[in-house]
Amino acid sequence: MPGRSDVRRRLAVTLAGFGALTFAVCLLAPLVGSTSIHFSRVFDRSIPFADNVDAQVFFVARLPRVVAAAVVGAGLALSGVVFQALLRNPLASPDTLGVAAGASLGAMLALTAHADFTLLGVSVVPLTSFAGSVGSLAIVFALSLARRRGTSSTVLLLGGIAIAALLNAAGRFIQYLADVTETFRTVQWLMGSLDVGSYAPILASLVPFGIACIGFVTLPRVLDLISLGEEAAEARGVDVVRTERIALVSASLSTGAAVSLGGPVLFIGIIVPHMVRLIVGADHRLVLPASALFGASFLIVCDLIARTIIAPVEMPVGIITAIIGGPFFLWLLFRGR
Amino acid sequence: MAAISRTISKGLKAQGSGLILAAALSLLPFALPVHAQARRIISIIPSTTEMLFAMGAGDRVIAIGSYDNYPPEARKLPRVGALIDPNVEQILQMRPDLVVLYGTQTELKRRLDRANIPNYSYAHSGLADITQTIRSLGTRVGVAASAEALAARLERQLADIRARVAKRPRPKALLVFGREPGSLRNIDASGGVGFLHDMLETAGGTDVLGDIRRQSVAMTTEMVLARAPDVIVELRYSKDDINNADMSAWNRLAAVPAVRNHRVILLTGEEFVVPGPRVAQATERLAAALHPEVFK
């Protein structure tokens, strides 16, 4: 059993390591893009912003993308850690409980119905996809309320899979009724995009993400105990039902915020927690913050590749996360054997 | 002529008339319209439906696709599905002697071939392909003369627009045909090939994405800023597809000359998305948007 000071030391090392990575990536990413810009002009106050193309490329096109990638990457990675621990299943992901399916359904409804409104500068698709994720969270939450104490987390897992299937079917039905252009727009949305074009949707997503983070802060110790089994956790004084609900709500809010901002780049949520566990071990006090930082860095790098690899056009970021993440994950899995 | 005889021989093969017969007949194109007459045509694609009606073969069309809305008299006809959901059973039941379908509908084509129903595959690309399709479809249907007249008229109209803007400076233009409502996300713009690109060049503009050899380009805000178009033209099927809040989304990119000089223009109408006989009309509207001084 590692001592408290040992954990503190490892936490400091982990945060310093992953923090430095995130910092470096955040600093580097806005400097690279499909066009070349002059940094002397970007920060040249003598040119009015409206006329300064370099400043606009930097502040309107690139910087919001990097920030959005950080929020989406961190949000999905954190939800992934929590879902995997809560359901004690390595394949659990932000979509296991149908949250991402709900978000996708929301986006599809807006795109197919040609809905067009904005709320506090946020356009319709992020709004409806967030509503969809909260809607599916409500169903999952109702399930967890109805669930008797003592049943296995398998019930929740299977319930979530059933809800996801139901919502996906509803989505497919809408797509089937939609015309070709609407279907095309939906497919585009499903591939994920971080070109948010302004700070309003980022700020809006920070509200649910912030609430989720408050929940996450309370979780590391109890998740460690729940990972060993609910009975063992209860024996050590953990209120399993309460923890489960905090974890469900936090992870769902965080997924909803991430998916409404960047589309369902869900692979991040499965793979980043495992990558981080392979590096820092299973202690959630380390895994949670490290996953947030690594998820952010990983998605920023994937987006950087997506927007430069076949310049002047772009690749959808969802394709890059899987192409880079898959082999990297396999390497981590097999390196020591 | 070679193209016409090639098309006819393709059609004959589809009828199961045999390779040798088709090859022999393709050497005698002048004798063919009699054999190639079609009287019960199903056209699934909006542009070919428009072409058939415009070349005077509308009375032979017995059914159309779900999204075919022009000309108005076509709307009375039964609909048999569209690009991704053609109703094969209904099509077979109507006993057509020609089905006009899109090039990617290979499964439908296979089933029609199996049922020995002649079909004509069409795929749209540049402006020149529109008149080429009108000519070959006209010959296939048996109205070659009126199809030729229609194609020639279209070519004349396009040449006339080209001549009117020939001496004007050519603004760098971006043609946007879709994006996420109320934002600048997932912008779809016309690339350097295809009928929209050709329309833009004919209308006296320089395509800012002309170097990207694709029909559609997924654009980002960085690309719009870097390419700095003088004019941004938003093309939409109908006015319901876009509103004022949508158009004001562009104001975020104040450094783009089109935004700074208030030259973000919305053009709505089916003719912008259907590469058919109304393409000259669409090109003229586009030219008027790019060169208002010429088209007062």
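Residues numbered from 1 in each chain as written. Chains lettered and ligands numbered in written order. Predicted model: local features only at pLDDT ≥ 70, side-chain atom pairs only at ≥ 80, totals over all residues. Heavy atoms only, no water.

J.: Would you mind going over the overall build of chain A with me for this structure?
T.: Counting its regular elements, chain A contains 14 helices and zero strands. Element order for chain A, N to C, with α for helix and β for strand: α-α-α-α-α-α-α-α-α-α-α-α-α-α. For 337 residues, the compact-globule estimate of 2.2 N^0.38 gives 20 Å, and the C-alpha radius of gyration of chain A, at 20 Å, lies within 12% of that figure. C-alpha extents for chain A along the principal axes are approximately 65 × 55 × 40 Å. Here chain A holds 337 residues, and the buried ones make up 53% of them. (Helix = DSSP H or I, 4+ residues; strand = E, 2+ residues; numbered from the N terminus. Rg over C-alpha atoms; globule rule 2.2 N^0.38 Å. Buried < 20%, exposed > 50% of the residue type's maximum accessible area, 1.4 Å probe, protein only.)

J.: Would you mind going over the sheet that holds strand E1 (residues 41-43) of chain B with me for this structure?
T.: Hydrogen bonds between backbone atoms are what pair the strands of a sheet, whose relative direction is either parallel or antiparallel. All names here are of chain B. Taken together, the four strands give an open sheet; going across it, the order is E2-E1-E3-E4, and neighbouring strands pair in parallel fashion. Both outer strands of the open sheet, strand E2 (61-64) and strand E4 (119-122), are each paired with one neighbouring strand and no more. The average undirected angle you get between the axes of adjacent strands in this sheet is 20 degrees. In this structure, strand E3 (residues 98-102) lies alongside E4, joined through four bridges in parallel fashion. Its bridge partner lying in E4, Val100 is registered against Tyr120. Running over the sheet, helix H4 (residues 46-54) touches E1, E2, E3 and E4 and is turned about 135 degrees from E1. Across the sheet, helix H7 (residues 127-141) is in contact with E1, E3 and E4; its angle to E4 comes to roughly 180 degrees. (Pairing = 2+ DSSP bridges. Axes fitted to C-alpha atoms, helices over the stretch in contact; angles between N-to-C directions. Contact = heavy atoms within 4.5 Å.)

J.: Before we go on, may I ask you to explain the domain arrangement of chain B in this structure?
T.: Buried accessible area, meaning the area lost when the parts come together, often serves as the stated size of an interface. All names here are of chain B. Assigned domains within chain B: domain 1 (2-162) and domain 2 (169-290). With 21 residues of domain 1 at the interface, the matching set in domain 2 holds 19 residues. For the pair domain 1 and domain 2, the summed buried surface comes to about 1,600 Å²; carbon and sulfur atoms form 67% of the total. Contact with domain 2 buries surface across domain 1, with Glu50, Leu127 and Ile161 losing the most and accounting together for 32% of the total. A salt bridge links Glu50 to Arg278, with the nearest nitrogen and oxygen atoms 2.6 Å apart. The interface formed by domain 1 and domain 2 holds five residue pairs in polar contact (both at pLDDT 80 or more) in total. If you list the elements that add at least two residues to the side of domain 1 that touches domain 2, you get H4, H7 and helix H8 (144-165). (Domains from an automatic or database assignment. Buried area = accessible area lost by both parts, 1.4 Å probe. Salt bridge = Lys/Arg side-chain N within 4 Å of Asp/Glu carboxyl O. Polar contact = N/O pair within 3.5 Å; in protein donor to acceptor, adjacent residues only side chain to side chain.)

J.: What is the right way to look at the packing of aromatic side chains in this model?
T.: Each aromatic ring pair is characterised by the separation of its centres together with the angle its planes make. By the definition in use, this model includes eight aromatic pairs over all chains. Ring centres 5.9 Å apart and planes at 90 degrees place the aromatic pair Phe39(A) and Phe58(A) in the edge-to-face group. Of this pair, Phe39(A) sits in helix H2 (residues 39-42) while Phe58(A) sits in helix H3 (residues 53-86), and the two are 19 residues apart along the sequence. A relative accessible area of 8% means that Phe58(A) is categorised as buried. Measuring from ring centre to ring centre gives 6.0 Å for Phe328(A) and Trp331(A), while their planes differ by 10 degrees; the resulting arrangement is stacked. Placement of both Phe328(A) and Trp331(A) in helix H14 (residues 317-334) is noted, with a separation of three residues, approximately one turn of the helix. For Phe328(A), a relative accessible area of 28% translates into the label partly exposed. Of the aromatic side chains, those joined through ring pairs into one cluster are Phe39(A), Phe43(A), Phe58(A) and Phe59(A). Stacked on the ring of Tyr70(B), the Lys or Arg Arg278(B) has its end atom at 3.6 Å from the ring centre. (Phe/Tyr/Trp six-rings, centres within 6.5 Å; stacked < 30°, edge-to-face > 60°. Lys NZ or Arg CZ within 6 Å of the ring centre and 35° of its normal.)

J.: Explain the pattern of salt bridges here, please?
T.: Think of it this way: side chains of opposite charge can pair up when their charged atoms draw near. Counted according to the given criterion, the structure contains 21 salt bridges over all chains. The partner of Asp283(A) in a salt bridge is Arg285(A), and the shortest N-O contact between them spans 3.0 Å. Notably, a salt bridge pairs Glu148(B) with Arg135(B), separated by 2.6 Å at the nearest N-O pair. With Glu148(B) in helix H8 and Arg135(B) in helix H7, the pair connects residues that are 13 residues apart, well separated along the chain. On the basis of relative accessible area, Arg135(B) is assigned to the partly exposed category, the value being 22%.

J.: Explanation requested: the interface of chain B and chain A in the structure shown.
T.: With 33 residues of chain B at the interface, the matching set in chain A holds 43 residues. A buried area of about 3,000 Å², summed over both sides, lies between chain B and chain A, and 52% of it is on carbon and sulfur atoms. For the pair chain B and chain A, the interface holds three salt bridges. Here Asp188(B) and Arg185(A) are joined by a salt bridge, their closest N and O atoms 3.0 Å apart. For the interface between chain B and chain A, the tally reads 13 residue pairs in polar contact (both at pLDDT 80 or more). Secondary-structure elements contributing two or more residues to the side of chain B that touches chain A are strand E8 (216-219) and helix H10 (221-227) of chain B. It is H10(B) that provides the largest number of residues to the side of chain B that touches chain A, a total of six residues. Its residues assigned to classes, the side of chain B that touches chain A shows 14 nonpolar, seven polar and 12 charged. (Nonpolar A, V, L, I, M, F, W, Y, C, P; charged D, E, K, R; others polar.)

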